[in-house]
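# Observations on the model geometry
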Amino acid sequence: MGRYFLRRLLIYIPVGLLVTLLVFTLADLAPGDPADWLYSPELNMTYEEIQAIKESMGLNQSPVVRYVQWLRQTAQGNLGYRMKNGDPVGPLIATRLKRTLVLGGVATAFGIIVGLGLGIYTALHQYSWFDHLSGVLAFLGISMPAFFVGVLGLYIFGLKLQWFPIGGITTPGGDPDDLRDFLYHLILPAALLSSNHVAGYFRYMRMSMLEVLHADYLTTARAKGMRERIVILRHALRNALLPVVTVIGASIPGLFGGAVFIETIFSWPGMGMLFIDGVNARDYPLIMGVTLVMTSVILLANLLTDIAYSLVDPRIRLETRSN
Amino acid sequence: MTAIKSTRRKFLRMAALAGGSLALAACTPAVVERTVVVEKEVEKVVTQVVERTVVVEKEPTPVEQVMVGAFDVGPHGCPQCYDPLKRSVGYWWLTKMWAPLAFWDETGTKAIPELAESWEPTSDDGRVWRITLRPGLKWSDGEPLTMNDLRYQFRLMYNPEYAGERAVTGARYFVGGEAYAKGEADDITGIKVLDDLTIELTYVDPMPILNVSDIYFEFAEHFWSQFTPAEIASGQHYGDARPCCGPFMWSRWVKDQYTEAVANPYYWRGRPKLDKLINRYFDNETTAVLALQRGEIDFTYIGRDVVPSLKRVPGYTVIAGSSGVANFIALNFREPIIQDLRVRQAMIYALDREKIIETLYLGTAQKLNCLFSQAQFNPSDLTDYPYDPEKAKALLAEANFTQEAEWELITYYSDQLSTNVMQAIQKYWADVGIKVRPRTVDVPTFNSFQPIGKDWVVSYIGQSHFRGARDAMGRWANDQRPDALGECKNMHGCYPSIDEVTADLKIATSSLDGAARLEATLNVARTMNAELTDIWMWAAERYGAVNDRVKNFKFAPLPANAGFYDQSELWEIVP
């Protein structure tokens, strides 16, 4: 296991480098640069001023030089500074990542609890009115785009019912470290974000459970005189969970990327908003920093998923080629 | 005695119950006590003889005056732009804390003295200007504000350690500036402090008009001199509690959320009525409008799309103001067919501009026939170009107009109103046989190819014009873009009369003779109108919405969100 882990990690280094090189090249090929973002087309800025801005940002250097500089800096543990406002990229990503993980984590946890619960219940009560209702709601949850759900939620729960604040993570003028205030701002975006998770997990769980419920080994278990509750919880559920766990596992790296639409609508300063801001402003150090973090997270998640499979399913063994 | 049996299941149930209760309790919204008013206090006075009750009426405790606004939402807002090197727009909010020498008025045409008492040229060639401060000005920490602060600011801005390559482009206007910016001199000889209240600026070229509204007092020498220019340039100190000189002073910056400023007791017009002014950051206009309607904020910029619905909501006032931006369809004369005047005339005759203004802008835009909307720059002999599709067709036929392929009508405006405008233009032109396809790109993409005349024929754009001819230099004068394609170095390429327009623009921006400047500007307007260097459309209004509980509020959507005298020291919350 140890050797396998080490081997995979070593493979990830060139993969990570390749991804950063690819993203840097794409960002550089995209039209416009940070200086082009800085000035409004409606203003009268002279050519010399624009060129001086480009030069002061180092944009007149060749892309190769800029990439190597970024790489060297990154190897020293410094992800650089935002071209837009000079903020250090590393600490900025750390701050934004925390907020995104809280938002996405709460939404996913809620999605898992409610989605799986609904999936199990409706599978056990197939074709009941509740099953049909849940199906319709799940269909809506999956079909409605996040920006629509976000604006609708803000309108109903923020403006009309006034249960929750209109965006932000803290009340202006209040104590920015107030946990209760933070939670108050968290509930609505997290709940709306989870609507998609609930719908998705519900459908997977219901389908998986229905498949298992008709398996022969459950009939055998019942024939052995086991109580129905034990049959469902110990035999059906555990087997039905396996594919669902895979789906949940695959969604974990997405948590780090942030929920772009919900974060934007709720002015929730997380990774999604940060990345969009970086792309809009052609902020190369930020784009590269976020890419590096995301790549690392996804590669690590893949590795952990592989390891988790071997622990959960005894049929899978992780072996190096020499073994 | 019966033992209470504790099972794992019971324990888990209890734990889940307790956890759920805690989570619910934690999620209860914090009770925000915004106002505590003690109206009466009852005091009991007991004597030996008789017990009596004395009711003491107390003065109501003043309610803290807090206004929250989204001052940086909308075009040209620049949230959290506290680094002068990283901003070109978004000045309105900054003027709440750092006052300029003069404000613009609400129309953006007249300077209103703020920190400066006067400014005047002291040489016949218009190269030397003397600016005098009001006496007794102070920074928010009580230290005197003098012209030494302005000199320090100039030296910092043009210091290569601070501004890098940008130092030279800013400093070269002053005598001795370029040498200083290149590190060849210790001081800028063209910037002299005569005494605490007076500074003398000597420019390399004649300066017929000095825009003192562009000079802000942002750097107090006694505070910033503790850092090296390189340390300041790192941007790590813009969040510090630094001295201010506007009506409000720096209090707190919760990054990505809001900036809080409090009343500046040393502001020269007197302490503002508001105790706190908060600028809240929104990433989109929709959320800001919802927050306004909810009462979480008192002001935001609003787009034209939401004006009708918000006007119906009681308790809010929609304020309209001239954008100071002319909208037009820029033409690229590198496309041969565009060089035919009949084609350009057909393009403008084919558009029912009045109908678009009436329907899409609800009559709030001003039709233009040249770049300028100001009456003084519009000579009476300009052609009006009324909607005439038959005339447009005839002109196109006369010019043997053919299009090899559909042109893209490019813009950087991404709002719904502009999308509708683009579609209307597409339809009107299609009716006479001009085929275009609207395409919206983001600002960096637009700036990467449009100003150099590459890969476009027509583009729907805006140009700030409230400073008259000065605003026209960049786009219409020749040799303004050395990287532009073709012989003529500007956005359009070689449009007719480009040399005459360039010469007129130079006179209009540098002549010391006011009458000559005006005549040159009128000539520019005439050429733009007669030659149709562009398809002139309109100058639209832009909007802000304010909660009626805010009194004495003023809003003017000037280009670049420029600072104007908004009398913020008089803003007041009246419940």
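Because the structure is predicted, anything quoted here is derived from the model rather than measured.

Reading guide: rules and limits
- Residues numbered from 1 in each chain as written.
- Chains lettered and ligands numbered in written order.
- Predicted model: local features only at pLDDT ≥ 70, side-chain atom pairs only at ≥ 80, totals over all residues.
- Heavy atoms only, no water.
- Domains from an automatic or database assignment.
- Helix = DSSP H or I, 4+ residues; strand = E, 2+ residues; numbered from the N terminus.
- Buried < 20%, exposed > 50% of the residue type's maximum accessible area, 1.4 Å probe, protein only.
- Contact = heavy atoms within 4.5 Å.
- Buried area = accessible area lost by both parts, 1.4 Å probe.
- Salt bridge = Lys/Arg side-chain N within 4 Å of Asp/Glu carboxyl O.
- Polar contact = N/O pair within 3.5 Å; in protein donor to acceptor, adjacent residues only side chain to side chain.
- Arc of directions from axis to C-beta.

### Describing the domain arrangement of chain A
Assigned domains of chain A: these are domain 1 (16-75) and domain 2 (106-279). For domain 1 of chain A and domain 2 of chain A, the distance between their C-alpha centroids amounts to 40 Å.

### Description of the environment of Val-307 of chain B
All names here are of chain B. Note on placement: Val-307 falls in helix H10 (residues 307-311). Look at Val-307 and you get buried, because its relative accessible area is 3%. In the structure, Val-307 is positioned 151 residues away from Val-458 in sequence and 29 Å away in space, judged by C-alpha atoms. Apart from residues no more than four positions distant in its own chain, Val-307 is found in contact with Ile-302, Val-318 and Tyr-543.

### A closer look at the interface of chain B and chain A
On the chain A side, the residues contacting the 69 residues of chain B number 61 residues. For the pairing of chain B and chain A, the buried interface totals around 5,100 Å² over both sides, and the portion due to carbon and sulfur atoms is 55%. One can count 5 salt bridges joining chain B with chain A. Linking chain B with chain A are 26 residue pairs in polar contact (both at pLDDT 80 or more).

### Description of helix H13 (residues 389-398) of chain B
All names here are of chain B. For H13, the set of buried residues is Ala-392, Leu-395 and Leu-396. For H13, the buried positions fall inside an angular range of 100° around the axis, keeping them on one side. Facing away from the buried side of H13 by over 90 degrees, the exposed positions are Glu-390, Ala-397 and Glu-398. The elements touched by buried residues of H13 are helix H11 (341-349) and helix H14 (416-432). Two residues or fewer past H13, Asn-400 is found with a positive phi of approximately 50°.

### Considering the side chain of Asp-131 of chain A
All names here are of chain A. Considering the arrangement of structural elements, one finds Asp-131 in helix H6 (residues 129-143). Side-chain polar atoms of Asp-131 contact the side chain of Arg-206, separated by 2.8 Å. The residues touching Asp-131, leaving out its near neighbours within four places in the chain, are Thr-122, His-125, Gln-126 and Arg-206.

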